[in-house]
Amino acid sequence: MAHNRSHREAVELLLQAITESSGDDGQLASFSFGEPGAPLWERRFGVCIFYSRKRLVRASLFVRRIGPPYLRYLAVDTIRSMLQDFISENFGYLAHDVFLRTIEGTYDRHVSENAKNALADALAASSIFKPQDKLTLFPLATVKISSEFHSEAFFLTTPDSLCRSHLLGPVDVDQLTPTQFPPLRDWKGEIWSPSAWLGVRSPVVRAAERMRAAVLGGVALTPRHRYRHQFNIRKLEGGQATLGDNGITISFGEPHTPPLMNHITITESDHPWLARLSAKIIKGDRASRRQLHALEYFYRAWFLELSERFPVLCMTLDAALGKDRTETVIDGVRSTIGSHVSHARLSLLMDLRAAVIHGGAPDVYDSRKYARYYDSYGEDPIHDMDLLVAQILRASVFGEAIKEHPDPNAAIIAEAQATGRLPRNLTGRTILDADGER
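The notes below deal with the structure included here.

**Observations concerning the layout of surface pockets**
In step 1: One number sums up the size of the largest pocket: a volume of about 690 Å³.
In step 2: Forming the boundary of the largest pocket are 34 residues, of which Gln 132, Asp 133, Lys 134, Gly 244 and Asp 245 lie nearest the centre.
In step 3: Among the elements of the structure, α3 (76-90), β4 (134-140), α6 (165-168), β9 (240-244) and β10 (247-251) are those that each provide at least two residues to the lining of the largest pocket.
In step 4: Per-element tally for the lining of the largest pocket: the top contributor is α3, with five residues.
In step 5: Across the lining of the largest pocket, the residue classes break down as 16 nonpolar, eleven polar and seven charged.

Here's what the structure looks like:
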């Protein structure tokens, strides 16, 4: 594959990091090499070089910035190792200019233009810039699928439909039992039955896990607020299965959603916002990444107790609006969801946010502004922040594409309200209400 200017610049930075003396921050690398792409048994020559840590970090940061979106999910040290492996695999392009020669200074001064261009071509075609996607499957226990969703970035499907060839690619479906986790037919250990599968395509598992968080952050926006944090005491199982060229890798871990009292059902009406989310993941521009980060924060907050949830919700709000100063956050809220939001009430909520985020109160309950807010408006500020953040995310990330799901207990609640066993207004007056009324 022909390289472009960015690949050529990356090679220049990489060669500037390589010397044959330790210098001030040199790290030794010893390896065998042969012709580029040669198998291990044909690498008959050995070489020792040194990488300047500072310059290699600079090259890694450049590759991270100009490379595929998945690189931004990785630690710089991981990318640094990938670049060192690339040099080891392709040292044959450099050998004519540097092997068994006296080299003073960095390699970029001694490697020919032809060799640099050949190395840039190899970098452009490498797994760093042209990675092979893997499919990571996340079993869900509280999500049901009424209408399956499929996109380039991810899919949500029923267990019975998982083993379709267009979903799993070249994987031998005879190895799999999709109605259980782990989904391996010959698995002898404990198993459990997922209600749905979330499949994410990405070159690295870490990136897939981050995308999972963004997708499920969006899913968390669909139930009404009173159900989003209504949990039961059942113990959920977690884990994931990654399908790649080297087979299937199983790992066990925490569940992917809290133990919700009511399942979340994905229907055809959810497809528009899911499609918009998939497009943002694929696009990977700065604005899309910021919105994905906001959904990740919201996902983290989903599992937390009230006081622990508040600071994460504050981070969600800052990420969604791209602002962090109190006045700019207030302006951003009112411009996003409407000027009907009380400026005074919002200001007090943002004062509480500032106290918690900037060290004034290690726990939201420690702040005097917490009691002041409750006294002034008769509502828990954490509850109001949760409502506010969810509304901001719906408006700023999905627009009109996302709607709250119907209340699963609407008929029961209506009957109880009609007979006076429940108040007519279950939510009270929240920050989202004009003049304090919902």
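And the narrative resumes.
**Here's the deal with the sheet that holds strand β1 (residues 18-19)**
In step 1: The strand order β1-β3-β2 describes an open sheet built from three strands, whose pairing is antiparallel. Every other strand in the sheet has two partners, leaving β1 and β2 (26-33) as the edge strands with one partner each.
In step 2: As paired strands, β1 and strand β3 (residues 45-52) are joined by two bridges and run antiparallel to one another. In the strand pairing of β3, Ile 18 is matched with Tyr 51.
In step 3: Packed onto the sheet, helix α2 (residues 53-66) meets β2 and β3 and runs at close to 85° relative to β3.
In step 4: Most of the contacts of α3 go to β2, to which it runs at about 40°, and overall it touches β1, β2 and β3.

**Describing α2**
In step 1: Over its 14 residues, α2 runs 20 Å from end to end, which matches the ideal 20 Å to within 8%, given 1.5 Å per residue.
In step 2: Against α1 (5-16), β3 and α3 lie the buried residues of α2.

**Let's talk about α1**
In step 1: Counted at 1.5 Å a residue, the expected span for α1 with its twelve residues is 16 Å, and the 17 Å between its end C-alpha atoms agrees.
In step 2: Of all the positions in α1, only His 7, Arg 8, Ala 10, Val 11, Leu 13, Leu 14 and Leu 15 are classed as buried.
In step 3: Next to the buried residues of α1 lie β1, α2, α3, α4 (92-98) and α5 (113-125).
In step 4: N-cap assignment for α1: the residue whose side-chain oxygen lies 2.9 Å from the backbone N of Ser 6 is Asn 4.

**A closer look at the packing of helix α14 (residues 368-377) against helix α15 (residues 381-398)**
Each pair of packed helices can be summarised by the angle the axes make with each other and by the distance between the axes.
In step 1: Axis separation between α14 and α15 bottoms out at 9 Å; the angle between their running directions is 80°. Taken as axis vectors, α14 and α15 run roughly perpendicular relative to one another. Residues Tyr 370, Tyr 373 and Tyr 374 of α14 lie in contact with α15, whose contacting residues are Pro 381, Ile 382 and Asp 384.
In step 2: Grouping the constituent residues of the contact of α14 with α15 by class yields five nonpolar, no polar and one charged.

**Some points on the sheet that holds strand β6 (residues 149-150)**
In step 1: Ordered in space as β6-β7-β8-β4-β9-β10, the six strands form an open sheet in which the pairing is antiparallel. The open sheet is flanked by β6 and β10, the only strands paired with a single partner.
In step 2: Alignment of β4 against β9, held across three bridges, turns out to be antiparallel. Looking at the pairing, Leu 137 lines up with Ala 241 of β9.
In step 3: Docked against the sheet, helix α7 (residues 205-219) engages β4, β7 (154-157), β8 (196-202) and β9, running at close to 130° with respect to β8.
In step 4: In the packing of helix α9 (residues 271-283) onto the sheet, contacts are made with β6 and β7, and the angle to β7 comes to roughly 150°.

**A closer look at empty space enclosed by the protein**
In step 1: Inspection of the entire model under this criterion finds one cavity of 30 Å³ or more.
In step 2: What the largest cavity holds in volume is close to 30 Å³.
In step 3: Forming the boundary of the largest cavity are Pro 139, Leu 140, Ala 141, Trp 192, Leu 236, Glu 237, Pro 255, His 256 and Thr 257.
In step 4: Of the residues belonging to the lining of the largest cavity, the class tally is six nonpolar, two polar and one charged.

**With respect to the pattern of salt bridges**
In step 1: As enumerated under the stated definition, the model contains 14 salt bridges in all.
In step 2: For Asp 384, the salt bridge identified is with Arg 345, shortest N-O distance 2.7 Å. Here Arg 345 lies in helix α13 (residues 343-357) and Asp 384 lies in helix α15, a separation of 39 residues in the sequence.
In step 3: The exposure class assigned to Asp 384 is buried, which follows from its relative accessible area of 0%.
In step 4: The network of salt bridges with shared partners includes Arg 8, Glu 12, Glu 113 and Lys 116.

**Let's talk about the side chain of His 383**
In step 1: With respect to the helices and strands, His 383 occurs in helix α15.
In step 2: Separated by 3.5 Å, the side chains of His 383 and Asp 384 make a polar contact.

**Re a nonpolar patch on the surface**
In step 1: A cluster of nonpolar residues, Trp 187, Ile 191 and Phe 252, forms a patch on the protein surface that exposes about 310 Å² of accessible area.
In step 2: Residue position: Phe 252 is located in the loop between β10 and β11 (264-266).

**With respect to unusual backbone geometry**
In step 1: Looking along the chain, the bond that leaves Phe 181 and enters Pro 182 is cis, with omega of -5°.
In step 2: Tracing the sequence through the fold places Pro 182 in the loop between α6 and β8.

**Some remarks on the pairing of β8**
In step 1: β8 sits mainly inside the fold: six of its seven residues count as buried.
In step 2: One ladder, built from seven bridges, connects β4 with β8; its direction is antiparallel. From the neighbouring strand, Leu 137 faces β8, where its bridge partner is Gly 199.
In step 3: In this structure, β7 lies alongside β8, joined through four bridges in antiparallel fashion. Opposite Leu 156, over in β8, you have Leu 198 as the bridge partner.

Rules used throughout
- Residues numbered from 1 in each chain as written.
- Predicted model: local features only at pLDDT ≥ 70, side-chain atom pairs only at ≥ 80, totals over all residues.
- Heavy atoms only, no water.
- 1 Å grid on protein atoms, 1.4 Å probe; cavity = no way out; pocket = protein on both sides within 12 Å on 5 of 7 lines; lining within 4 Å.
- Points joined across faces, edges and corners; volume = space filled by probe spheres on them.
- Helix = DSSP H or I, 4+ residues; strand = E, 2+ residues; numbered from the N terminus.
- Nonpolar A, V, L, I, M, F, W, Y, C, P; charged D, E, K, R; others polar.
- Pairing = 2+ DSSP bridges.
- Contact = heavy atoms within 4.5 Å.
- Axes fitted to C-alpha atoms, helices over the stretch in contact; angles between N-to-C directions.
- Expected span 1.5 Å × (residues − 1).
- Buried < 20%, exposed > 50% of the residue type's maximum accessible area, 1.4 Å probe, protein only.
- Polar contact = N/O pair within 3.5 Å; in protein donor to acceptor, adjacent residues only side chain to side chain.
- Parallel < 35°, antiparallel > 145°, perpendicular 65-115°, else oblique.
- Salt bridge = Lys/Arg side-chain N within 4 Å of Asp/Glu carboxyl O.
- Patch = residues over 30% accessible without salt bridge, like charges linked within 9 Å, V, L, I, M, F, W, Y side chains within 5 Å.
- Areas by Shrake-Rupley, 256 points an atom, 1.4 Å probe, with all protein chains shown as cover.

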